[in-house]
Amino acid sequence: LPLEERLKRRIIDGERNGLEADLDEALETRKALDIVNDTLLDGMKVVGELFGSGQMQLPFVLQSAEVMKAAVAHLEPYMEKTDEAGKGTIVLATVRGDVHDIGKNLVDIILSNNGYNVVNLGIKQPVSAILEAAEEHRADVIGMSGLLVKSTVIMKENLEELNQRGLAADYPVILGGAALTRAYVEQDLHEIYQGEVRYARDAFEGLRLMDALIG
Ligand code: B1M
């Protein structure tokens, strides 16, 4: 198989052996982030489709996720970084009940590499933990990620909690994850949240939003 196809297959098949060598070869001609966005994420998309249609079982999805994580870890040192620092702080979390963190961790990398201070709380974070961290770190923005349809409801509850605690004006919120739609965030949630709430389709939109909200 050609290199690009081979890398994509590694994600789909969860095949780690030889991963680093293939990535190093790809790095000779392509940027690290392009490899992630244009090749590896394509592989994850196929995994999602196979799983969704019952053609792939959960343990294999987990293996694919692990290869994806290993690939991103290998590529991270090659990603471009700005010299800027201290542009602002975001508390980032996958919401309560949700374990998906590959996308959130990509957002962490992109924002950190572009001068933001990222407090990454991890997965399954209740709103109380998110708010505690936001206060402790004097966050400028709260970022929530979630991939389950259930998580879109939890995000709504979290925004309501911020309203109730009178914190909405203090914290603009960025939401991302595959189960969300732009309309749900920018219309439905926008209507209920008393602060700013924005939708990020991918990590780069997350970065643009940070620049717009803080800059
Ligand atoms: Co799960 N899973 N999964 N899974 N999984 C999905 C989400 C699903 C759509 C698969 C499917 O059915 N086709 C489906 C959800 C269905 C639904 O809710 N209606 C699903 C399911 C059902 C489940 C379980 C319930 C399965 C089960 O146990 N029976 C279970 C849930 C456990 C739980 O959360 N409580 C489960 C478990 C898992 C694994 C553990 C095996 C693994 C996750 C491993 C991990 O993350 N550490 C896994 C995986 C890998 C997937 C799919 C296949 C791939 C997700 C992924 O990593 N994509 C996924 C299929 C899909 O998404 N279509 C699926 C790559 C990643 C880079 O994309 O996270 O979307 P994503 O991030 C993007 C953007 O969304 C955005 O930026 C990124 C790109 O730049 N973004 C942000 C994300 N967060 C952002 C935050 C921002 C800004 C941008 O600012 C704050």
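Sequence order sets the numbering: in each chain, residues are counted from 1 along the sequence as written. The predicted origin of the model limits local features to residues at a pLDDT of at least 70 and limits the giving and counting of side-chain atom pairs to 80 or more, whereas totals for whole chains, interfaces and linings rest on all residues. The side-chain numbers reported here are obtained from all heavy atoms of the structure, hydrogens and water having been left aside.

## Some details on the site of the ligand
Here is the rule we go by: The nearness test applies per residue and asks whether one of its heavy atoms lies within 4 Å of the molecule or strand. Pairing of N or O atoms within 3.5 Å defines a polar contact, subject to two protein rules: one partner must be a possible hydrogen donor and the other a possible acceptor, and residues neighboring in sequence count only if both atoms are side-chain atoms. Only DSSP runs of H or I covering at least 4 residues are called helices, and only runs of E covering at least 2 are called strands; the numbering of each starts at the N terminus.
Among the 35 residues in the neighbourhood of the ligand, the closest are listed as Gly-97, Val-99, His-100, Asp-101 and Ser-145. Take Asp-101: an N or O atom from its side chain is 2.7 Å from a nitrogen atom of the ligand. Gly-177 places a polar main-chain atom, nitrogen or oxygen, 3.5 Å from an oxygen atom of the ligand. Counting residues per element, the ones that place at least two in the shell around the ligand are α3 (32-52), α4 (58-75), α5 (102-113), β3 (141-145) and β4 (173-176).

## Notes on the pattern of salt bridges
Selection rule: Within this document, salt bridges are pairs made up of a side-chain nitrogen of Lys or Arg and a carboxyl oxygen of Asp or Glu, the two lying within 4 Å of each other. Burial classes follow relative accessibility: with a 1.4 Å probe on protein chains only, a residue under 20% of its type's maximum area counts as buried, one over 50% as exposed, and anything between as partly exposed.
All told, the structure shown has 17 salt bridges when counted by the stated rule. Residue Arg-96 is joined to Glu-157 by a salt bridge in which the shortest nitrogen-to-oxygen separation is 3.2 Å. Of this pair, Arg-96 sits in the loop between β1 (89-94) and α5 while Glu-157 sits in helix α7 (residues 149-164); the two residues are 61 residues apart in sequence, bridging distant segments of the chain. Given the relative accessible area of 40%, Arg-96 is considered partly exposed. Put simply, Glu-186 and Arg-182 hold a salt bridge, and the shortest N to O gap is 3.2 Å. Placement of the pair is Glu-186 and Arg-182 together in helix α8 (residues 182-192), with a separation of four residues, close to one helical turn.

## Regarding the confidence of the model for the chain
Close inspection of predicted coordinates is inappropriate for parts of the model with low pLDDT. Put simply, the test is: Values of pLDDT, the confidence the predictor places in each residue, fall between 0 and 100.
Looking at the chain, pLDDT values average 97 and 100% of them are 70 or higher. In the model output, the complex is listed with pTM 0.97 alongside ipTM 0.99.

## A word on the side chain of Gln-125
Put simply, the rule is: For this analysis, residues touch if any pair of their heavy atoms sits within 4.5 Å.
Tracing the chain through its elements places Gln-125 in the loop between β2 (117-120) and α6 (127-136). A polar contact is formed between the side chain of Gln-125 and the backbone oxygen of Ile-123, at a distance of 3.0 Å. Gln-125 has contacts with Ala-93, Thr-94, Val-95, Arg-96 and Ile-130, leaving out every residue within four places of it along the chain.

## What to know about α5
Quick reminder of the rule: The span expected for a helix works out to 1.5 Å for each residue beyond the first.
The end-to-end C-alpha distance of α5, which contains twelve residues, comes to 17 Å, matching closely the 16 Å that a straight helix rising 1.5 Å per residue would cover. Here α5 lies mainly inside the structure; nine of its twelve residues are buried. Regarding α5, the residues found buried are Ile-102, Lys-104, Leu-106, Val-107, Asp-108, Ile-109, Ile-110, Leu-111 and Asn-113. Of the surrounding secondary structure, the elements contacted by the buried residues of α5 are α3, α4, β1, β2, β3 and α9 (203-214). Following α5 by one or two positions, Gly-115 has its phi on the positive side, about 95°.

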